[in-house]
Amino acid sequence: MAADSCEVEFNRLKVLIMPQRIQKRRLETIKIAAKKRGVNTVCELSAEVTHVVTEFETMEQVVRALKMDNVASLGNVETVSLRWLTDCFKAGKVIPVTEEYRLKLEMLESSQNGNEADDKHPSLLPEWACQRATPLEHYNHRLTTDIETLQLHSELRDQEQDYSRALAFRRASCVLKCLPFRVTDISQISNIKDVGDHVKRVVKDILEDGFSSEVDEMNNNAWFNKMKLFTGVFGVGPSTAKKWIERGWTSIQDAAEAEDLSKDWRVRWGLAFHEELQTRVERPEADNFMFMVRAEAQRILPGTTVELTGGFRRGKKTGHDVDLLISHPQEGAEVGLLPRLLKQLENRGLILCGSYERNSFTEDVLRQDFKLSQRGQLDHFEKWLGICKFPKQFATTQNGQDVVQEAAGMTPSSSKLSGSMEEDYEPKAKLRKLGCIDKCPRSVASEERDWLARRVDLIVAPYSQYYYALVGWTGSKHFNRDLRLYATRVLGMKLMSHGLYNISKDCVVPAGSEKEVFDNMQIPYREPTQRNC
Ligand code: CTP
Ligand code: MN
Ligand code: MN
């Protein structure tokens, strides 16, 4: 009986034995011993491999020998010393992988001393987040969640040093997302430059006690919770939220009653639809809306491209909004498209409220000195930011094309736009009249309806700026921040969603693909799903 169950355990293993540093005869003996016990051994890494077994001492050596980009590429695999396998054989069963068997990272001497990694010797954990692959799923959510709470707290408090403090927390959280193992001991991360003393303290507490009292206190702090609640309202930033708290408001209800006549249409609609906007947008909804917008845009202007960007493009299953990037391969053809598109969406009854911004880009924008603050994130694209009405069937229909067909027959809203599709159409004025001023948000919210309110960002990029815009609007926010800082500090260039500006040559560096954006930045290309820092 016992022997049987051990065999079953051994059967579950799929082990890659790295031949380096193991004598041929010893390797043969080990392979035979493995076979006898039913252990599956392979010569190449694949998704099914459960353990990489090696005589190497560090993860860095393993990653290099496997010709990988960095440690994140190892995915879900335990990387252990050969001794673990031989101990399993001795014990006659699969023994747990404990610290003594696990390989150490030990990557830090080279990259942290400023030695540049080259192609032959990629650094295991490159210094910049934009040089690393950062997946959505990783091993250290328990730690990164708490560290990002500290980050958010600093951001919302926004006093002296808080911006850099928040950034430091984010850097630490970001580097933990790249590690190919779960951190179980503080020594595993003691050399990592991006993990400072404060984070180390928090990690140590979580590892030892299962929680950090500092983070727990934060999570129970009334001010912090009110700030989170209020800044979660569309149109409300930290300074407005602080004012509301000073007025003694504690709930959305308090704010909604007092702000019913707010001058800011976003706040009125944001409050009225707060609960609904808090529910996550699912991927099918985003896809269906994208198909719908694409079909409309292409009817107006054949050849128009509409891409789903933001978190969804990075592989997230849900999001807080839908970010669509619109362009046309013929430079200049896109001019005037967005107002006409908005009018069509309005006719279809898809628009609740929103605001339109004209394109305010000139090349001077790239030349201007800019601080790497939150303000530096803003771009000058023509755009519409608002709330759309998603037919409820968007959530349940998988085939976007069908939805587009059906929605073509959707009842137009009662306040249908009048007039022609002339060039002088001014969406801002008209949309205000239609959605943002005439109607009472709270009564619209309480009406019986067959749609859900969803936040939507529509961005138009001229084709010459398209791939920089695509990178910028794909994110993550921290990935962008890191890219921009890297451009300034390392390349002496300026990066925006409009392009890369070579300051010394006084010229913009064109890109005809996302890969070229990365090439121009002299960093390895990363798929959108690996930009989740
Ligand atoms: N962005 C930007 N300029 C803005 C707003 C956003 O360049 N004025 C970028 C952000 O940096 C981010 C991307 O556009 O990379 C999408 O922003 P947002 O929707 O806020 O974040 P997501 O990553 O999509 O998160 P979620 O899934 O919650 O929507
Ligand atoms: Mn988004
Ligand atoms: Mn957005």
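Quick caveat: nothing in here was measured; it's all calculated off a predicted structure.

A.B. asks: Quick question: what am I supposed to make of the pattern of salt bridges here?
C.D. replies: Note that side chains of opposite charge can pair when their charged atoms are close. Within the structure shown, the criterion is met by 32 salt bridges. Across the salt bridge formed by Arg-83 and Asp-87, the nearest N and O atoms sit 3.6 Å from each other. Placement of the pair is Arg-83 and Asp-87 together in helix 4 (residues 82-91), with a separation of four residues, close to one helical turn. As a salt-bridge pair, Lys-383 and Asp-379 come within 2.6 Å of each other at their nearest N and O atoms. The burial state of Lys-383 is the same as that of Asp-379; both residues are buried. Residues joined in a network through salt bridges with shared partners are Arg-83, Asp-87, Lys-90 and Glu-100.

A.B. asks: What should I look at first to understand the sheet that holds strand 12 (residues 493-496) in this one?
C.D. replies: Remark on secondary structure: sheet strands pair via backbone hydrogen bonds, oriented parallel or antiparallel. What the three strands build is an open sheet, ordered 12-13-14; its pairing is antiparallel. Where the open sheet ends on each side, the last strands, each with one partner, are strand 12 and strand 14 (507-509). Averaged over neighbouring strand pairs, the angle between their axes works out to 30 degrees when direction is ignored.

A.B. asks: Explain the side chain of Asn-532 to me, please; I cannot follow it from the model alone.
C.D. replies: Mapped onto the fold, Asn-532 is located in the segment after helix 24 (514-521). Side-chain polar atoms of Asn-532 contact the side chain of Arg-314, separated by 2.8 Å. Looking at Asn-532, its side chain comes within polar contact range of the main-chain oxygen of Thr-529, at 3.0 Å. Apart from the residues lying within four places of it in its own chain, the contact partners of Asn-532 are Thr-134, Pro-135, Leu-136, Lys-177, Arg-314 and Ser-476.

A.B. asks: Looking at this model, I keep getting lost on the coordination of the manganese ion (ligand 2). Mind explaining?
C.D. replies: The reference angle at a metal is 109.5 degrees if four donors form a tetrahedron and 90 or 180 degrees if six donors form an octahedron. Distances from the manganese ion (ligand 2) to its protein donors, namely Asp-321 (OD) and Asp-323 (OD), fall within the range 2.1 Å. A separation of 3.6 Å is found between the manganese ion (ligand 2) and the manganese ion (ligand 3), which share Asp-321 as a coordinating residue. No difference in accessibility class separates Asp-321 from Asp-323, as the two residues are buried.

A.B. asks: Just checking my understanding: could you explain the environment of Pro-524 for this structure?
C.D. replies: As for its position among the elements, Pro-524 is in the segment after helix 24. Assessed through its relative accessible area of 36%, Pro-524 is described here as partly exposed. Residues Pro-524 and Cys-130, 394 residues apart in the sequence, show an inter-C-alpha distance of 8.7 Å. In contact with Pro-524, not counting residues within four places along its chain, are Gln-131 and Phe-518.

A.B. asks: Help me understand the site of ligand 1 in this model?
C.D. replies: Near ligand 1 there are 16 residues, and of these Gly-311, Lys-316, His-320, Asp-321 and Gly-475 occur at the shortest range. Arg-314 places a polar side-chain atom, nitrogen or oxygen, 3.0 Å from an oxygen atom of ligand 1. One of the backbone nitrogen or oxygen atoms of Gly-475 is found 3.3 Å away from an oxygen atom of ligand 1. In isolation ligand 1 offers 590 Å² of accessible surface; the protein chains occlude 79% of this area. Elements that contribute at least two residues to the shell around ligand 1 include exactly helix 16 (310-313), helix 22 (466-474) and helix 23 (477-491). At three residues, the largest contribution of residues to the shell around ligand 1 is made by helix 22. Here the shell around ligand 1 is composed, by residue class, of one nonpolar, ten polar and five charged. Viewed by domain, the shell around ligand 1 spans two of them, domain 3 (278-461) and domain 4 (467-530), each represented by three or more residues.

A.B. asks: What's the story with the coordination of the manganese ion (ligand 3) in this structure? I'm lost.
C.D. replies: For the manganese ion (ligand 3), the protein coordination sphere consists of Asp-321 (OD), Asp-323 (OD) and Asp-457 (OD), at 2.0 to 2.3 Å. Spacing between the donor residues of the manganese ion (ligand 3) along the chain follows D-x1-D-x133-D.

A.B. asks: Would you mind going over unusual backbone geometry with me for this structure?
C.D. replies: One can expect most non-glycine residues to show negative phi and most peptide bonds to be in trans. Residue Gly-475 is joined to Ser-476 through a cis peptide bond whose omega torsion reads 0 degrees. As for its placement among the helices and strands, Ser-476 is situated in the loop between helix 22 and helix 23. Residues other than glycine seldom take positive phi values, yet Gln-161 does so here, at roughly 70 degrees. Gln-161 gets classed as exposed once you look at its relative accessible area, which sits at 52%. Of note, the phi angle at Asp-506 is positive, near 50 degrees, even though the residue is not glycine.

A.B. asks: Looking at this structure, I do not really get helix 17 (residues 337-347). What am I missing?
C.D. replies: Along an α-helix, a turn takes 3.6 residues, which lines up residues three or four apart on a common side. Of all eleven residues in helix 17, ten are buried; the element is thus mostly enclosed. Looking only at helix 17, the buried set comprises Leu-337, Leu-338, Pro-339, Leu-341, Leu-342, Lys-343, Gln-344, Leu-345, Glu-346 and Asn-347. Where helix 17 terminates, the next one or two residues include Gly-349, which has phi positive at roughly 75 degrees.

A.B. asks: What exactly am I supposed to notice about the state of the cysteines here?
C.D. replies: Disulfides are covalent bonds that connect the sulfur atoms of two cysteines. Across all of its chains, the model carries zero disulfides by this definition. The cysteine Cys-533 is free of any disulfide, with Cys-174 supplying the nearest cysteine sulfur at 4.0 Å.

A.B. asks: What exactly am I supposed to notice about the packing of aromatic side chains here?
C.D. replies: Two numbers describe a pair of aromatic rings. These are the distance of the centres and the angle of the planes. Following the criterion strictly, the structure yields 14 aromatic pairs and no others. Between Phe-479 and Phe-518, the ring centres sit 6.2 Å apart and the planes meet at 40 degrees, which makes this aromatic pair tilted. Here Phe-479 is found in helix 23, whereas its partner Phe-518 is found in helix 24, with 39 residues between them in sequence. Note on Phe-479: relative accessible area 0%, which makes it buried. Judged by centre distance (5.0 Å) and plane angle (75 degrees), the rings of Phe-518 and Tyr-525 are edge-to-face.

A.B. asks: What is the right way to read the packing of helix 7 (residues 162-178) against helix 23 from this model?
C.D. replies: Running from N to C, helix 7 and helix 23 point in directions that differ by 105 degrees, and their axes come no closer than 11 Å. Between helix 7 and helix 23, the angle is such that the two are roughly perpendicular. Along the contact surface, helix 7 presents Tyr-163, Leu-167, Arg-170, Arg-171 and Cys-174, while helix 23 presents His-478, Arg-481, Asp-482 and Leu-485. Among the residues forming the contact of helix 7 with helix 23, the class breakdown is four nonpolar, one polar and four charged.

What counts and how
- In every chain, residue numbers begin from 1 and rise along the written sequence.
- Think of it this way: whatever chain is written first is A, whatever ligand is written first is 1, and the rest follow in order.
- Restriction of local features to residues with pLDDT of at least 70 applies here, the model being predicted, together with a cutoff of 80 or more for giving and counting side-chain atom pairs; totals for whole chains, interfaces and linings are based on all residues.
- Calculated side-chain values reflect all of the structure's heavy atoms, with hydrogen atoms and water omitted.
- Basic side-chain nitrogens of Lys or Arg form a salt bridge, by our definition, when they fall within 4 Å of a carboxyl oxygen of Asp or Glu.
- Numbered from the N terminus, helices here are DSSP runs of H or I no shorter than four residues, and strands are runs of E no shorter than two.
- To sort residues, take the accessible area from a 1.4 Å probe on protein chains only and compare it with the maximum for the residue type: under 20% means buried, over 50% means exposed, and anything in between is partly exposed.
- Two strands qualify as a pair provided that DSSP identifies no fewer than 2 bridges between them.
- For every element, the axis is a line fit to its C-alpha atoms; helices are fit only across the contacting stretch, and the angle between N-to-C directions ranges from 0 to 180 degrees.
- The definition of a polar contact used here is a pair of N or O atoms within 3.5 Å, where within protein one atom must be able to donate a hydrogen and the other to accept one, and adjacent residues in sequence count solely through side-chain atom pairs.
- The contact criterion used is simple: two residues touch if any of their non-hydrogen atoms lie within 4.5 Å.
- Coordination partners: N, O, S within 2.8 Å of the metal, 3.2 Å for Na, K and Ca; water not considered, so apparent gaps in a site are possible.
- If a single non-hydrogen atom of a residue is within 4 Å of a molecule or strand, that residue counts as near it.
- Using a 1.4 Å probe, the Shrake-Rupley method yields the accessible areas, and only the shown protein chains count as cover for residues.
- Under the scheme applied here, ten amino acids are nonpolar (Ala, Val, Leu, Ile, Met, Phe, Trp, Tyr, Cys and Pro), four are charged (Asp, Glu, Lys and Arg), and all others, including Gly, are polar.
- Residue ranges for the domains trace back to a domain assignment, done automatically or taken from a database.
- In this description, a disulfide is simply a cysteine sulfur pair whose atoms lie within 2.5 Å.
- Ring geometry is summarised as follows: Phe, Tyr and Trp rings, the Trp one being its six-membered ring, pair when their centres sit within 6.5 Å, and such pairs are stacked at plane angles under 30 degrees, edge-to-face over 60 and tilted between the two.
- With respect to orientation, any angle under 35 degrees is reported as roughly parallel, any angle over 145 as roughly antiparallel, any angle of 65 to 115 as roughly perpendicular, and every other angle as oblique.

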